[in-house]
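Observations on the model geometry
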Amino acid sequence: MLPPSQPCPQTTLCPDDELREVTDKEAIMINEVKSVLAAFFGVQKEANRKRDFEHGHALDFLVVGLVMAALLVGGMALLSTVVAG
């Protein structure tokens, strides 16, 4: 998290605001990936599950889950090709 800065007037855009927004979006994406990975392995914590259902968007989790499933299947196919080949 960024250190607190002095408040800006309401009519101007503070230089930290754009950076803070990007940082928050990255943190949300990282949390979504962590949650989907935990769900894949069945080790999701109850507090994280509640957080996801209260603050997360279903479409984001669906997309991350589908991408991870495709990576898992592709990785297994590659591994089996290498081992069998």
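Because the structure is a prediction, the values reported are computed rather than measured.

1. Points about the overall build of the chain
In terms of helices and strands, the chain carries 3 helices and 0 strands. Listed N to C, the secondary structure of the chain is α-α-α in terms of helices and strands. Burial status across the chain gives 12% buried among its 85 residues. Considering only residue pairs separated by 6 or more positions, the chain has 50% of its internal contacts joining residues 24 or more positions apart. Looking at the chain as shown, the accessible area adds up to about 7,100 Å², and 69% of this sits on carbon and sulfur atoms.

2. Structural notes on the side chain of Ser35
Following the sequence through the fold, Ser35 ends up in helix α1 (residues 15-41). Residue Ser35 is classed as buried on the basis of its relative accessible area of 4%. Of note is the side chain of Ser35, whose polar atom sits 3.4 Å from the side chain of Arg51. With sequence-adjacent residues up to four places away left out, Ser35 is seen in contact with Gln44, Arg51, Asp52 and Phe61.

3. Some remarks on the confidence of the model for the chain
Taken as a whole, the chain shows an average pLDDT of 80; of its residues, 74% reach a score of 70 or greater. By mean pLDDT, the top-scoring element of the chain is helix α3 (residues 58-84) (95), and the lowest-scoring one is α1 (78).

4. Focus on the pattern of salt bridges
Counting across every chain of the model gives 2 salt bridges. Between Glu46 and Arg49 there is a salt bridge whose closest N-O contact spans 2.6 Å. Here Glu46 and its partner Arg49 are both found in helix α2 (residues 46-55), 3 residues apart, which amounts to about one turn of the helix. According to the relative accessible area criterion, Glu46 is partly exposed, its value standing at 44%. Since its relative accessible area comes to 34%, Arg49 is described here as partly exposed.

5. Topic: a nonpolar patch on the surface
Judged by side-chain polarity, Leu37, Phe40, Phe41, Val43, Leu72 and Met76 come together as a nonpolar surface patch covering roughly 640 Å² of accessible area. Contributions of two or more residues to the nonpolar patch are made by α1 and α3. For the nonpolar patch, the element with the highest residue contribution is α1, accounting for 3 residues. Tracing the backbone shows Leu37 in helix α1.

6. Comments concerning α3
An α-helix turns once per 3.6 residues; consequently, residues spaced three or four apart project the same way. Here α3 is 27 residues long and its end C-alpha atoms lie 39 Å apart, about the 39 Å a rise of 1.5 Å per residue gives. What α3 keeps buried is the set Phe61, Val64, Gly65 and Met68.

Analysis parameters
- Residues numbered from 1 in each chain as written.
- Predicted model: local features only at pLDDT ≥ 70, side-chain atom pairs only at ≥ 80, totals over all residues.
- Heavy atoms only, no water.
- Helix = DSSP H or I, 4+ residues; strand = E, 2+ residues; numbered from the N terminus.
- Buried < 20%, exposed > 50% of the residue type's maximum accessible area, 1.4 Å probe, protein only.
- Contact = heavy atoms within 4.5 Å.
- Areas by Shrake-Rupley, 256 points an atom, 1.4 Å probe, with all protein chains shown as cover.
- Polar contact = N/O pair within 3.5 Å; in protein donor to acceptor, adjacent residues only side chain to side chain.
- pLDDT = per-residue confidence, 0-100.
- Salt bridge = Lys/Arg side-chain N within 4 Å of Asp/Glu carboxyl O.
- Patch = residues over 30% accessible without salt bridge, like charges linked within 9 Å, V, L, I, M, F, W, Y side chains within 5 Å.
- Expected span 1.5 Å × (residues − 1).

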